[in-house]
Amino acid sequence: MNLPENLPKAELHLHIEGTLEPELAFALAARNGVDLPFADTHELREAYRFGDLQSFLDLYYALMAVLRTADDFTELADAYLARAAAQGVRHAEVFFDPQAHTARGVPVGTVVEGLARALERAEERHGVTTRLIMCFLRDLPAESAMETLESVRPYLRHITGVGLDSAEVGHPPAKFREVYEAAGAMGLRKVAHAGEEGPPAYVREALDVLGVERVDHGLRAMEDPELVERLVRERVPLTLCPLSNVRLRAVDVLEDHPLRAMMDAGLMVTVNSDDPAYFGGYVGETFHAVREALGLTPDDLRRLARNSFEAAFLDDDEALRAR
Ligand code: ADE
Ligand code: ZN
């Protein structure tokens, strides 16, 4: 059906590990001989009640124990791309967390090659073009991020950019200044989570110290009118994730989400799913939910979709073809 929420769009804020559905988690656990501390998928879903970002991250990292082989990563990414394609996604920029896997003894090459296999055949299989973005865990030392960056040199052909995620407060962007400088010197594009739970100052730092081209979330920028003015003037894309913000208690209910106010302020915002297996919806469901909760018009939805292609790391002709 040609629902407005299914219109062609790009997804720019999506953690591939956050697409691990309970059914796949149990299937992989059985295949890899991993014991999960939940009796079944129902009990696991019951655990998806989060008080904040950290309570989500604890479960998110724990469940990754089931991801062990390159095939596991391929299967995970294939499942996401099939679902996203069915909801109108024509281009996906996919985050992954290499340190969350290497810390468990899974080599970075296994992760990258497994993901790349799915991403590189996605255009043919699902009609979706892709980019891969490696994120550094900001609650680990900057030295670990630098080592991780060095470790992917043999796989750079698969990787478009770097990002910064995990527990935000207390880990300001400036901690990663040198890592981002090195990433830039390697020809990588730059994004970072900022202003999800952290203050507006973190958004400024991500721009001024790390030189990011997009800000992931950026929600709390709204507390700082001067920053909003700058983001509007410089047309800095913000990759919003409204369902995530509700589930992680950044906003109480979707009706209170500032998405509409951000559009009205002239900000270049996009709508994304973040960790859809955990937050109750992929990007199509997210478009549907914000349309209902915030009364967005078909024109508003088209603007969000247009923004998503404009903010993507695509050449102009690729963006035109993807639309
Ligand atoms: N890792 C996965 N999802 C995240 C989020 N919403 N914020 C920070 N780190 C994350
Ligand atoms: Zn995120």
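Just so it is clear, the structure is predicted and the values come from calculations on it, not from any experiment. (Residues numbered from 1 in each chain as written. Chains lettered and ligands numbered in written order. Predicted model: local features only at pLDDT ≥ 70, side-chain atom pairs only at ≥ 80, totals over all residues.)

### Here we look at the UniProt feature "binding site: Zn(2+)" (unreviewed entry) in the chain
Per the UniProt entry, the sites bearing "binding site: Zn(2+)" (unreviewed entry) are His 13, His 15, His 193 and Asp 274 in this numbering. Across 262 residues of sequence, these annotated residues stay compact in space, with a maximum C-alpha separation of 11.7 Å. Structurally, the position occupied by His 15 is in strand β1 (residues 9–15). Discounting residues that sit within four places of it in the chain, His 15 has contacts with Phe 95, Asp 274 and Asp 275. Its location among the elements puts Asp 274 in the loop between β8 (268–271) and α14 (276–279). The contacts of Asp 274, once residues within four sequence positions are left out, are His 13, Leu 14, His 15, Gly 18, Cys 241, Ser 244 and Phe 279. (UniProt positions renumbered as here; feature names shortened; annotations may be inferred. Helix = DSSP H or I, 4+ residues; strand = E, 2+ residues; numbered from the N terminus. Contact = placed C-beta atoms within 7 Å.)

### Points about the nonpolar core
Ranked by internal contacts, the top residues of the largest apolar core, which has 94 residues, are Ile 16, Ala 77, Val 94, Phe 96, Leu 115 and Ala 206. The residues touching Val 94, leaving out its near neighbours within four places in the chain, are Leu 14, Ile 16, Ala 77, Leu 119, Thr 130, Leu 132 and Ile 133. (Core = buried A, V, L, I, M, F, W, Y, C linked by C-beta atoms within 7 Å. Buried ≥ 20, exposed ≤ 12 C-beta atoms within 10 Å, placed from the backbone.)

### Considering the UniProt feature "binding site: substrate" (unreviewed entry) in the chain
UniProt annotation of "binding site: substrate" (unreviewed entry) refers to Asp 275 when read in the numbering used here. Position of Asp 275 relative to the elements: it lies in the loop between β8 and α14. Residue classification places Asp 275 among the buried residues on the basis of 23 C-beta atoms within 10 Å. For Asp 275, the residues in contact, after removing those within four places along its chain, are His 15, Gly 18, Tyr 60 and Ser 244.

### Topic: the packing of helix α4 (residues 70–86) against helix α6 (residues 108–120)
Two elements in contact, α4 and α6, have axes whose closest approach is 7 Å; the angle formed by their N-to-C orientations is 35°. Note on packing geometry: the crossing formed by α4 with α6 is right-handed. Residues Ala 70, Asp 71, Asp 72, Phe 73, Thr 74, Ala 77, Asp 78 and Leu 81 of α4 form the contact with α6, whose own contacting residues are Thr 110, Val 111, Glu 113, Gly 114, Leu 115, Arg 117, Ala 118 and Leu 119. (Axes fitted to C-alpha atoms, helices over the stretch in contact; angles between N-to-C directions. Left-handed = near helix turned anticlockwise from the far one by under 90°.)

### A closer look at helix α3 (residues 53–63)
When α3 is considered as a whole, its buried residues turn out to be Leu 53, Phe 56, Tyr 60 and Leu 63. Summarising the axial view, the buried residues of α3 lie within an arc of 100°, below the 170-degree limit, and thus occupy one face. Looking at the buried positions of α3, the neighbouring elements they touch are α1 (22–32) and α14. (Arc of directions from axis to C-beta.)

### Let's talk about the sheet that holds strand β7 (residues 237–240)
Taken in spatial order, the eight strands of this open sheet run β1-β2-β3-β4-β5-β6-β7-β8, and their pairing is parallel. Each edge of the sheet is formed by a strand with only one pairing partner; in this case those strands are β1 and β8. Adjacent strand axes in the sheet meet at a mean angle of 25°, parallel and antiparallel pairs treated alike. Sheet analysis places strand β3 (residues 129–137) next to strand β4 (residues 161–165), joined by five bridges and oriented parallel. Across the sheet, residue Met 134 finds its bridge partner in β4, namely Val 162. Along the sheet, α4 contacts β1 and β2 (89–96); its crossing angle with β2, the most-contacted strand, is approximately 145°. (Pairing = 2+ DSSP bridges.)

### Overview of the confidence of the model for the chain
For the chain, mean pLDDT is 97; residues scoring 70 or higher make up 99% of the total. Mean pLDDT across the elements of the chain ranges from a minimum in helix α17 (residues 316–322), with 77, to a maximum in β4, with 99. Two numbers describe this predicted complex: its pTM, 0.98, and its ipTM, 0.98. (pLDDT = per-residue confidence, 0-100.)

### Some thoughts on α6
Every α-helix winds through 3.6 residues per turn, so residues three or four apart in the chain are directed the same way. Here α6 spans 18 Å end to end across 13 residues, near enough to the 18 Å set by a 1.5 Å rise per residue. For α6, every residue scored as buried is listed here: Val 111, Val 112, Gly 114, Leu 115, Ala 116, Ala 118 and Leu 119. Where α6 is buried, its residues meet α4, β2, α5 (98–102), α7 (122–126) and β3. (Expected span 1.5 Å × (residues − 1).)

### Considerations on unusual backbone geometry
One non-glycine residue, Arg 235, adopts positive backbone phi at about 50°. One can find Arg 235 in the loop between α11 (225–233) and β7. Residue classification places Arg 235 among the exposed residues on the basis of 12 C-beta atoms within 10 Å. Residues other than glycine seldom take positive phi values, yet Arg 249 does so here, at roughly 70°.

### Focus: the pairing of β7
Two faces, one strand: in a regular strand the side chains alternate between the faces of the sheet. Side chains Pro 237 and Thr 239 project from β7 onto one buried face, and the interleaved Leu 238 and Leu 240 project onto a second face that is buried too. Examined bridge by bridge, β7 and β8 share four bridges and lie parallel to one another. Residue Leu 238 lies in a different strand from β8, and its bridge partner there is Val 269.

### Focus: the site of ligand 1
As a structural note, the neighbourhood of ligand 1 is formed by His 15, Gly 18, Leu 53, Tyr 60, Asp 165, Ser 166, His 193, Glu 196, Ser 244, Asp 274 and Asp 275. Looking at the shell around ligand 1 residue by residue, the class counts come to two nonpolar, five polar and four charged. (Near = placed C-beta within 6 Å. Nonpolar A, V, L, I, M, F, W, Y, C, P; charged D, E, K, R; others polar.)

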